[in-house]
Amino acid sequence: MKKTALVFLVLGIFLFAFAEDIVLNYYSHGVENGTRLKIIEEFEKLNPGIKVNLVELPQDTNKKLQMIQTVLQAKDSSMDVFDADVTWPPIFASAGWVLPIEDHFTKEEIEDYLPGPIDSVTYKKHMWGIPYRTDAGILYYRKDLLEKYNKPVPETWQDLIDTSKYIMEREPGMSGHGGSWAQYEGLTCNLMEIVWSFGGKVFDEEGNVIINSEETLEALKVMNDMVNESKIMPNGILNFYSGDARAVFFSGKQVFLRDWPSGWRKSQDPKNSQVVGKVGVAALPKGNEENRSYSTLGGWQVMVSKYSKNPEEAIKFAKFRAGKTAQKMAAMGLSHIPAIRSLYDDEEILENMSFIKEMYPAFYSAYPRPKSPYYAEVSNIIQVETQRMFVGKKTPEKALKDMEFQIKMLLGQF
């Protein structure tokens, strides 16, 4: 009996020693400076028996989406976990390609995430992803010019227009405000912040199209005013992407700028900026005193493929990838903005990125873009009609009416 037991013990040890590890494929952003690989190494150290293979996605966001969609449509089990932009969860959830994961979290764990990122992964009462990085639109301003002319940081968009005009009259060659207003996703992000701040929406809670409202119309009129009436925007604004918008502000020729937090370090780099030490940041203006400031939510999350052969291990890795340890590593190594509230009190992160404490209200109030499996098409309709308004082909009323008609046609709501 003792010999038999010994044989089984040795056999068990032998089989354990040569047992194959479970391998998860994580479709992710590129390696960059190695921080993502260090996050994977830390997970593997804490979870012996699970290995994670990083598969690099293309750099272009649209190509990332195409690659992930191709794998999921094929029901390919080779992808277990993947990075997803904030606008993608409804696409994958409505197609039935990903696993809901709310049952793997406590209420306290979910509440430690910022509300906007959690909202972005929640669709039809289920949580389909875990935010690991956030982003939000913020207002950059020339604090030296506001001090010079004794002007406060604008509370409303009308305040911003009035302050811009006042300073432009006294500073030759100066523009008032800038943003990413070319016909691309940046325009939708800029526009929705103004629409929300007046109380407008694209959809109601049931997904019905409600974009054609007095609130949205007021927002469009304000944007049209900036371009065609008060003319506080720089020449070429309708062709401005993020880099173009920053260039004017960094050259010292603009009072205000709507940008992402990633612009902060560049604004303080003497090699690229003429406004080092002269820039302040604040939450974006409100539409009026009755409403609050809104920022368009940016950022990324991880999602788990429905076709993974190891769903439990995949969810375990996803939770770690978007957990406090990994988010701190990404904040320190990649300057990623955390999606977890408690990390905004972390002394090491604040020392590395002191500006995020000041920007926290914008991150907290960030709002996800309209949720729809057809978001890309909806966004394109908004961009095209808004630009037609800017160039005078349509009135704000006509542009808004045509937006409503086309989105309803797209979604079959007639």
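Keep in mind it's a predicted model, so treat the numbers as computed, not measured.

Student: I would appreciate a short explanation of the pattern of salt bridges in the present structure.
Tutor: A pair can form between side chains of opposite charge whenever their charged atoms are brought close. Under the criterion given, the structure shown has 20 salt bridges. Between Lys-148 and Glu-171 there is a salt bridge, with its nearest N and O atoms 2.8 Å apart. Residue Lys-148 is located in helix H7 (residues 143–148), and its partner Glu-171 is located in the loop between helix H8 (157–170) and helix H9 (185–197); the two are separated by 23 residues in the primary sequence. Classification of Lys-148 by relative accessible area gives exposed; the value is 54%. On the basis of relative accessibility, which here comes to 16%, the residue Glu-171 falls in the buried class. Among the salt bridges present, the one from Lys-408 reaches Glu-404, with a minimum N-O distance of 3.5 Å. Linking Lys-408 with Glu-404, this pair stays in helix H18 (residues 396–411), spanning four residues, or about one helical turn.

Student: Explanation requested: the sheet that holds strand E9 (residues 279–282) in the structure shown.
Tutor: By way of backbone hydrogen bonds, the strands of a sheet pair with one another, either parallel or antiparallel. Pairing in this open sheet of three strands is antiparallel, and the strands run E8-E7-E9 from one edge to the other. This sheet does not close on itself; its edge strands, each paired only once, are strand E8 (256–259) and E9. Between one strand axis and the next, the sheet turns by 25° as a mean value, whatever way the strands run. Pairing of strand E7 (residues 138–142) with E9, which is carried by four bridges, proceeds in the antiparallel orientation. Across the sheet, Arg-142 pairs through a bridge with Val-279, a residue of E9. This element, helix H11 (residues 242–250), spans E7, E8 and E9 of the sheet and lies at about 150° to E8.

Student: What should I look at first to understand the side chain of Ser-120 in this one?
Tutor: For Ser-120, the location among the structural elements is in helix H6 (residues 115–120). Among the polar contacts made by the side chain of Ser-120, one reaches the main-chain carbonyl oxygen of Pro-117 at a distance of 2.6 Å.

Student: Before we go on, may I ask you to explain the nonpolar core in this structure?
Tutor: Note on soluble globular proteins: their nonpolar side chains tend to be buried together. If you look at the biggest cluster of nonpolar residues, it comprises 124 residues, and the most contacted ones within it are Phe-82, Phe-92, Trp-181 and Ile-407. Aside from chain neighbours lying at most four places away, what touches Ile-407 is Val-202, Phe-203, Val-209, Ile-211, Val-378, Ile-381 and Ile-382.

Student: Sorry if this is basic, but what is going on with the environment of Ser-242 here?
Tutor: Tracing the backbone through its elements, the reader meets Ser-242 in helix H11. Ser-242 sits 16 residues away from Arg-258 along the chain, and the two C-alpha atoms are 9.2 Å apart. With sequence-adjacent residues up to four places away left out, Ser-242 is seen in contact with Ser-180, Tyr-184 and Trp-260. At 3.4 Å, the side chain of Ser-242 and the side chain of Ser-180 are in polar contact.

Student: Would you explain unusual backbone geometry in this entry?
Tutor: For residues other than glycine, phi is negative in most cases, and the peptide bonds are mostly trans. One non-glycine residue with positive phi stands out, namely Lys-75, at about 55°. Assignment of secondary structure puts Lys-75 in the loop between helix H3 (61–73) and strand E3 (81–85). Residue classification places Lys-75 among the exposed residues on the basis of a relative accessible area of 55%. Phi is positive for Lys-231, which is not a glycine, with a value near 50°. One can find Lys-231 in the loop between helix H10 (214–229) and H11. Owing to a relative accessible area of 52%, Lys-231 belongs among the exposed residues under this scheme.

Student: Would you mind going over a nonpolar patch on the surface with me for this structure?
Tutor: A cluster of nonpolar side chains, contributed by Phe-405, Met-409 and Phe-414, occupies part of the molecular surface with about 370 Å² of accessible area. With respect to the helices, strands and loops of the structure, Phe-405 is situated in helix H18. A relative accessible area of 45% means that Phe-405 is categorised as partly exposed.

Student: I would appreciate a short explanation of the confidence of the model for the protein in the present structure.
Tutor: Summarising the model, the protein shows a mean pLDDT of 93, and 95% of its residues fall at 70 or more. Note that pLDDT drops below 50 for residues 7–11; the model gives that stretch zero contacts with residues more than four away or on any other chain.

Student: Where do I start with the side chain of Arg-258 in this structure?
Tutor: Its place among the elements puts Arg-258 in strand E8. Engagement of the side chain of Arg-258 in a polar contact is seen with the side chain of Glu-193, the distance being 2.7 Å. Beyond its immediate sequence surroundings of up to four residues, Arg-258 is in contact with Gly-137, Ile-138, His-177, Gly-178, Gly-179, Cys-189, Asn-190, Glu-193, Leu-284 and Thr-296.

Thresholds, definitions, all that
- Residues numbered from 1 in each chain as written.
- Predicted model: local features only at pLDDT ≥ 70, side-chain atom pairs only at ≥ 80, totals over all residues.
- Heavy atoms only, no water.
- Salt bridge = Lys/Arg side-chain N within 4 Å of Asp/Glu carboxyl O.
- Helix = DSSP H or I, 4+ residues; strand = E, 2+ residues; numbered from the N terminus.
- Buried < 20%, exposed > 50% of the residue type's maximum accessible area, 1.4 Å probe, protein only.
- Pairing = 2+ DSSP bridges.
- Axes fitted to C-alpha atoms, helices over the stretch in contact; angles between N-to-C directions.
- Contact = heavy atoms within 4.5 Å.
- Polar contact = N/O pair within 3.5 Å; in protein donor to acceptor, adjacent residues only side chain to side chain.
- Core = buried A, V, L, I, M, F, W, Y, C linked by side-chain atoms within 4.5 Å.
- Patch = residues over 30% accessible without salt bridge, like charges linked within 9 Å, V, L, I, M, F, W, Y side chains within 5 Å.
- Areas by Shrake-Rupley, 256 points an atom, 1.4 Å probe, with all protein chains shown as cover.
- pLDDT = per-residue confidence, 0-100.

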